[in-house]
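Remarks on the overall topology
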Amino acid sequence: MNRIKQLFEQKRNNVLSIYFTAGYPNIDSTLDIAEALEKAGADFLEIGVPYSDPLADGPVIQNSSQKAIENGMTVKVLFEQLKDLRKRVSIPVLLMGYVNPVLQYGVENFCSKCAEVGVDGVIVPDLPMYEYEELYQDCFIQNQLSNIFLITPTTSEARIRRIDELSNGFIYLLSTSSTTGKNLSVSSQVEDYFSRIKSMELRNPTMIGFGISDNKSFSKASEYANGAIVGSAFVKILAEENYLEKIPEFIGSLKGKEAVSY
Amino acid sequence: MSYHVNEKGYYGNFGGAYVPEMLYPNVEELREKYLSIMSEPAFQHEFLLLLKDYVGRPSPLYLAERLSEKYGTTIYLKREDLNHTGAHKINNTIGQILLAERLGKKRIIAETGAGQHGVATATVCALKGLECVVYMGAVDIERQAPNVARMKMMGATVIPATSGSQTLKDATNEALRDWINNPVDTHYIIGSVVGPHPYPDMVARFQSIISEETRAQLKEKTGKVNPDYVLACVGGGSNAMGMFYHFLDQDDVKLIAVEAAGKGVESGESAATTLLGKEGVLHGSRSIVMQTEDGQVVEPYSISAGLDYPGIGPQHAHLFASARAKYVSITDNEAMDAGLQLARLEGIIPAIESSHALAYLDKMEFKGDETVVICLSGRGDKDLSTYMTHFGL
Ligand SMILES: Cc1ncc(COP(=O)(O)O)c(C=O)c1O
């Protein structure tokens, strides 16, 4: 069974997912970071495939992507590194990237490689629903990959229902319409939106992302969804020295308990 | 074969709307409404009136006699350089500002390369009293200083794009990010036939006035509506699409699109997209994109800021793939020489972008007296210092 489904069957609340960019800060840091995150208590991971023009991303992830590309990270290199993924990491892993590098690698190759190395799902923010259904869905299903769709405060109810039908894994709820890396400010408007989605009783679990940076925003998000996703706030840690050692403390502080020790 | 967009937003294999969900409602609203708004009589009336009294249309179709003599054929210049603000870009911004008004938007954003589109956007925002924010690559802010000053004078805020190559591609990324962060009250006036559907079609329709007038003017001057050749330069492709639009289904008209070869197609410093690019997705549409094997978009180069873009509009990709139009390229030096030549032969200083189209005359062979129309997309005022430096004048 797909690891994402399994996870949400076992854990319905406070699910924590961490995003980081492959090949950043060093070309070969990808699996070390993944392993450290699992040990520290992350429930699943989103590994970013760097792209030169990440238009949904704010400065922190733009910068990590640019650095990763300079370090030599490519889709090919990443799959090479991920050959050892399942020797070192057992939690679900998704790849998150933009559509162009996937197209150049070849959608079929991309999907079958994901299955081969043990990747459970894919998030491609700029792949539209229509193109996904027409051209890619079969390939995803064949390789038991979850395709994760995003919804925002302005996504219509009809469209959310359609996304719920097409999703198999979870739905990525954007806290606001924004690029990544802005801090979530929970207004009554945001709470209304979260409540509205919650009351729709979607088939799929939901995870709130964009702007989740600390225990306060993580807890708030977890009230309305099955959990939350942290990206920029974590990627910032990776710019520091001895970043691997800081991971347990960071995850601990997100979850609001004492740091788990190695 | 149809050269126009289908109901799914595609031109053959190209086009679509590859945007993240955050942009979906905005793009969808445009898609639903652009055709009906554009066909409202009140919209048409205001659009055409502004083009006439504010922009100064119709732009002349000028028989360039000394240039014709030099090449032994009949050459007309479609004088978009004589438009208010000095380029074809204003045809599109007038159209889009009227559309934005009808969509109830209060704030306008735009990207710009040469600064011509930024100026044209700042202009229509001043005209309508709307807030205007223009993203411009930090490198382009340097090389197109006069246009930066013009935008500021008309009250626009110019924000430097400091990511990547700091040129048009990066300015476009920043504008799209701004739109993601301001989804409700903001309209994004894209400056070329690029971006997610319906932008390429909408911008082409606004620019199609160029070929509509050309046909009427040719008829009046020569008795025939069709020339043998139509030439235009291609950055994203809006002046070319406007120049080609009403000739697309006229099989006897040869369409030539001129890209910027920069320092040479093989030099690694070029913007000749159809020669150097592959199919891919950039800025919301599937088209031809200059990129690495891994799908990273490469930084293009051209002496001309307006042509310094690693993609082309999806309709151009379709015209290229179907061979309806011929895509050629011209180096920096060839373009600069053609610009100087036009200044000396006709007393017209062209934008360096337009000089690329003019330079292709040198590579053409004419059978007897043929008729050529070249889109003179803009004037060279913004480029004077580049011309001066290049020629040591
Ligand atoms: C005078 C002029 N011509 C041509 C272009 C290229 O754009 P497009 O290919 O959309 O016409 C520009 C862009 O800034 C321009 O200023």
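The structure we're discussing is the one just above.
Residues numbered from 1 in each chain as written. Chains lettered and ligands numbered in written order. Predicted model: local features only at pLDDT ≥ 70, side-chain atom pairs only at ≥ 80, totals over all residues. Heavy atoms only, no water.

To continue, consider the overall build of chain B. Each helix and strand counted, chain B has 16 helices and 14 strands in total. In summary, chain B has a C-alpha radius of gyration of 19 Å against a globular reference of 21 Å for 393 residues, a match within 12%. Considering only contacts within chain B whose residues lie at least 6 apart along the sequence, 74% involve residues at least 24 apart. Surface accessibility of chain B: about 13300 Å² in total, with carbon and sulfur atoms responsible for 51%. The averaged location of the 48 negative side-chain charges in chain B is 3 Å from the averaged location of its 36 positive side-chain charges. (Helix = DSSP H or I, 4+ residues; strand = E, 2+ residues; numbered from the N terminus. Rg over C-alpha atoms; globule rule 2.2 N^0.38 Å. Contact = heavy atoms within 4.5 Å. Areas by Shrake-Rupley, 256 points an atom, 1.4 Å probe, with all protein chains shown as cover. Lys, Arg positive; Asp, Glu negative; His and termini not counted. Charge placed at Lys NZ, Arg CZ, Asp CG, Glu CD.)

It is worth spelling out the overall build of chain A at this point. Summing up its helical and strand segments, chain A has 13 helices and nine strands in all. A globule of 262 residues ought to have a C-alpha radius of gyration of about 18 Å, and chain A, at 17 Å, matches this closely. Projected onto the principal axes, the alpha-carbon positions of chain A cover approximately 45 × 45 × 35 Å. Here the analysis covers contacts within chain A between residues at least 6 apart in sequence; of these, 74% occur between residues at least 24 apart.

Okay, the site of the ligand next. All names here are of chain B. Around the ligand, a shell composed of 18 residues is seen, among which Ser-192, Gly-235, Gly-237, Ser-238 and Ser-377 lie nearest. A distance of 2.7 Å separates an oxygen atom of the ligand from a polar atom in the side chain of Ser-238. Contact between the ligand and Asn-239: an oxygen atom at 2.8 Å from a side-chain N or O atom of the residue. Protein chains bury 98% of the 390 Å² of accessible surface belonging to the ligand in isolation. In this structure, the ligand is accommodated by the largest cavity. For the shell around the ligand, the class distribution of residues is five nonpolar, 11 polar and two charged. When residues of the shell around the ligand are assigned to domains, at least three map to each of domain 1 (10-50 + 89-203) and domain 2 (56-87 + 208-391). (Near = heavy atom within 4 Å. Polar contact = N/O pair within 3.5 Å; in protein donor to acceptor, adjacent residues only side chain to side chain. 1 Å grid on protein atoms, 1.4 Å probe; cavity = no way out; pocket = protein on both sides within 12 Å on 5 of 7 lines; lining within 4 Å. Sits in = over half its atoms within 2 Å of the grid points. Nonpolar A, V, L, I, M, F, W, Y, C, P; charged D, E, K, R; others polar. Domains from an automatic or database assignment.)

Residues and elements named next belong to chain B. When you tally the buried positions in strand E6 (residues 131-137), you get six out of seven residues, the bulk of the element. Note that strand E5 (residues 107-112) and E6 share six bridges and pair parallel. Paired with Ile-109 across the strands is Val-133, a residue of E6. Viewed along the sheet, the connection from E5 through helix H5 (residues 116-128) into E6 turns out right-handed. (Buried < 20%, exposed > 50% of the residue type's maximum accessible area, 1.4 Å probe, protein only. Pairing = 2+ DSSP bridges. Right-handed = clockwise from strand over helix to strand, strands pointing away.)

This part covers the packing of aromatic side chains. To describe a pair of aromatic rings, one takes the distance between the centres and the angle between the planes. Residues and elements named next belong to chain B. Applying the stated criterion to the full structure yields 22 aromatic pairs over all chains. With centroids separated by 5.4 Å and ring planes inclined at 55°, the aromatic side chains of Phe-47 and Phe-206 adopt a geometry described as tilted. Residue Phe-47 is found in helix H2 (residues 41-55), and its partner Phe-206 is found in helix H9 (residues 199-207); the two are separated by 159 residues along the sequence. We note that Phe-47, like Phe-206, is buried. On the numbers, 5.6 Å between centres and 90° between planes, the contact of Phe-320 with Tyr-327 is edge-to-face. (Phe/Tyr/Trp six-rings, centres within 6.5 Å; stacked < 30°, edge-to-face > 60°.)

Moving on: the sheet that holds strand E3 (residues 61-63) of chain B. Residues and elements named next belong to chain B. Strand order in the open sheet formed by six strands is E3-E4-E14-E9-E10-E13, with mixed pairing between adjacent strands. Pairing within the sheet leaves two strands with one partner each, and these edge strands are E3 and strand E13 (325-331). Within the sheet, the average angular offset between the axes of one strand and its neighbour, ignoring direction, is 25°. The pairing of strand E10 (residues 254-262) with E13 spans seven bridges and is parallel. Looking at E13, one finds that Val-258 is bridged to Val-328. On the sheet, helix H14 (residues 332-346) packs against E3, strand E4 (74-79), E10, E13 and strand E14 (371-376) and is oriented at approximately 90° with respect to E13. (Axes fitted to C-alpha atoms, helices over the stretch in contact; angles between N-to-C directions.)

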